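Residues per chain, in single letters:
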Amino acid sequence: MKKINIVNFIIAFTVIAFIGCENAEYEVKDNNVYLSDATTSEAKVVVMEGNINIDVNIRLAKKLDHDVELYIKINPTLLEEYNKANATEYNLIPNIEIPDKGKVIIPAGEIGALCRIPLADFDMKGKRYAISVELSDVATKGIERSNTLSNFVYLISKPLITSVPVMKGYNEKMVRTAPATLWGITTKEWSLECLTNMSGYSNNNQAIFNMGSKDHEIYIRFGDANSPYNYLQIKTLGGQVETKRDLEAKKWYHWAFVYDGKTLTVYRDGEFNVKFEPPMPKGGSIRFDYVEMISSGSYFRDQCKMSQVRLWKKVISGDQIKNNMHFSIDPTNPNLIGYWPMNEGKGNTFADITGNGHNGTADENILINWEHNIRFDK
C-alpha cells in the first residue's frame, strides 16, 4: 500500500471554528462530539496513489470516564450541496462501506477515535469522486453532536501522470483539428484551458492557438513585437491583452481564458492574472469554425510541451479552474466543445475524447518527440 498524500483543500468561505478543551476533568456537562477535520475546512483533497485509507477523526470536547458510542454514515446530500456551492462535479464513490456499520467507540479517558474507511484503487475514467461523511448519531446519553462540525467531504483525486508531445513550428505546418469544414458552433461565452511548458521565449509570435472564425478570431501567442518575449498575449474581437513579462523557460504553466460575453479573463496557475473588455462580437455570439495549435510556422522556434487542452462553450469559475488544473475531468460534460488530453505517447494524432469528433493531427515536422511520466502537481 502506497503512502497517502493529503493536502488541505482551501475553501472560499469562513468555517466556524470549534474550540475544544482537553483538560483532565471527566465531566459530561457541556460536552459534545465533532469531526476534527471540519474545524479547519469544509473539504480535504486525498490524492489516490494505489489503495488508500480515508481517516475520519472524531473528537470530544472533554475526556470522559466512560466509553462514548457514535455512528458515522455516508450522506449523498452533503456532496450535492458541496457541488452546488463550489461549482464542482464530484461523484459519490459507489458501493463504499464503512467498517462495523459506521460504529465508533471513543474509549474512556481518550479524547478521540478514528474511523478508517478503506478505499481500493479504481479507474476514475476522467471523472472526479468524493466521499461525504456525517456524524449521524451519538448513542451515549449526555453527549451532544456538534451541529456545525458534523459533516465533511473527502475529495478523491488521482494525479495526472502522463505522456506529453514536444512540438515546434515549421513553415506553414501546424496541429489541425477535425473537421476540415467550418464547424459553425456559436456560443455567447467560452473558456479555454491548457498546460504549456516552453523551452524558451526567444522569439515573438509563437502562437499556441489560432481558433474561432474569420469574424471572431481568438489568437493566443507568446511574445509580440518587442523583446523580451516571455509573456503571453491574447488577441480577440479587435482587442488584446498580455500578461507580465516574467515567464520562465522549462516550467509548466496552467492557462485558462474565460470569456463571459463581455470580459475576457486570463488565469495563470489557477490565479487571476489579467482581464480586458474586447469589442462586442457581431450578432452577440462567438462562432467556432476551427481550432489550430502551434500555428505560427517558422516564428515558432522554441519547443513547446502541451497537455490537457479543453475548450468549453460556457464560463468556468476560478474555483473550477483551480480544482481541475492538475487533474483530468469528465469528458462527457455536455459543455465541452473539445477535450484533447494529448497523452497518446506515440504517433502524431490527438484524440478529442468528448466524442464530438474534433480529433487533432500534427502536420509533418511539428511533433518532435514524446516525453513520458510527466506529473504537473509537483
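Scope of this entry: the structure provided in the associated data block. (Residues numbered from 1 in each chain as written. Predicted model: local features only at pLDDT ≥ 70, side-chain atom pairs only at ≥ 80, totals over all residues. Heavy atoms only, no water.)

The next point concerns the side chain of Q206. Checked against the element boundaries, Q206 lands in strand β16 (residues 206–212). Setting aside chain neighbours within four positions, we find Q206 in contact with M198, G200, Y201, R221, F222, S296, Y299, F300, R301 and D302. (Helix = DSSP H or I, 4+ residues; strand = E, 2+ residues; numbered from the N terminus. Contact = heavy atoms within 4.5 Å.)

Let us look at the pairing of strand β7 (residues 103–106). The alternating pattern of β7 places V104 and I106 on a buried face, while none of K103 and I105, on the opposite face, is buried. Of the strand pairs in this sheet, strand β5 (residues 68–74) and β7 are connected by four bridges, and their pairing is antiparallel. Each bridged residue has a counterpart across the sheet, and for V68 the counterpart in β7 is I106. (Buried < 20%, exposed > 50% of the residue type's maximum accessible area, 1.4 Å probe, protein only. Pairing = 2+ DSSP bridges.)

Our next topic: the packing of aromatic side chains. Taken as a whole, this structure holds nine aromatic pairs when the rule is applied. An angle of 75° between the planes, with centres 5.3 Å apart, marks the rings of Y201 and F222 as edge-to-face. Linking Y201 in the loop between β15 (190–198) and β16 with F222 in strand β17 (residues 218–222), this pair joins segments that are 21 residues apart in sequence. A residue is classified by how much of its surface remains accessible, and Y201, at 12% relative accessible area, is buried. Assessed through its relative accessible area of 0%, F222 is described here as buried. Ring-pair connections join several aromatic residues into one group, and the members of that group are W190, Y259 and F288. (Phe/Tyr/Trp six-rings, centres within 6.5 Å; stacked < 30°, edge-to-face > 60°.)

As a further point, take unusual backbone geometry. Omega for the peptide link from A178 to P179 comes to -5°, which places this bond in the cis form. Its location among the elements puts P179 in the loop between β13 (175–177) and β14 (185–187). Of note, the bond from S227 into P228 is cis; its omega dihedral lies within 30 degrees of zero at 0°. Along the polypeptide, P228 turns up in the loop between β17 and β18 (232–236). Its identity as a non-glycine residue notwithstanding, I294 has a phi of 50°, on the positive side. Looking at the element boundaries, I294 is found in the loop between β24 (290–293) and β25 (304–312).

Core analysis: the biggest nonpolar cluster contains 45 residues, and W190, F209, M293 and M306 have the highest contact counts within it. When sequence neighbours within four positions are dropped, the list of residues in contact with M293 reads M174, V175, T177, I208, F209, M306, V309, W340 and M342. L35, I52, L135 and V138 belong to the second-largest nonpolar core, a separate cluster that totals 36 residues. (Core = buried A, V, L, I, M, F, W, Y, C linked by side-chain atoms within 4.5 Å.)

You can see I185 is positioned in strand β14. In this structure, I185 is in contact with I286, R287, F288, I337 and H358, ignoring residues within four places of it in sequence.

Counted according to the given criterion, the structure contains 16 salt bridges. Taking the shortest distance from any N to any O, the salt bridge between R221 and D224 comes out at 2.8 Å. As a salt-bridge pair, E242 and R245 come within 3.6 Å of each other at their nearest N and O atoms. Residue E242 is classed as partly exposed on the basis of its relative accessible area of 30%. Linked by salt bridges that have partners in common, D215, K282, R287 and D289 make up one network. (Salt bridge = Lys/Arg side-chain N within 4 Å of Asp/Glu carboxyl O.)

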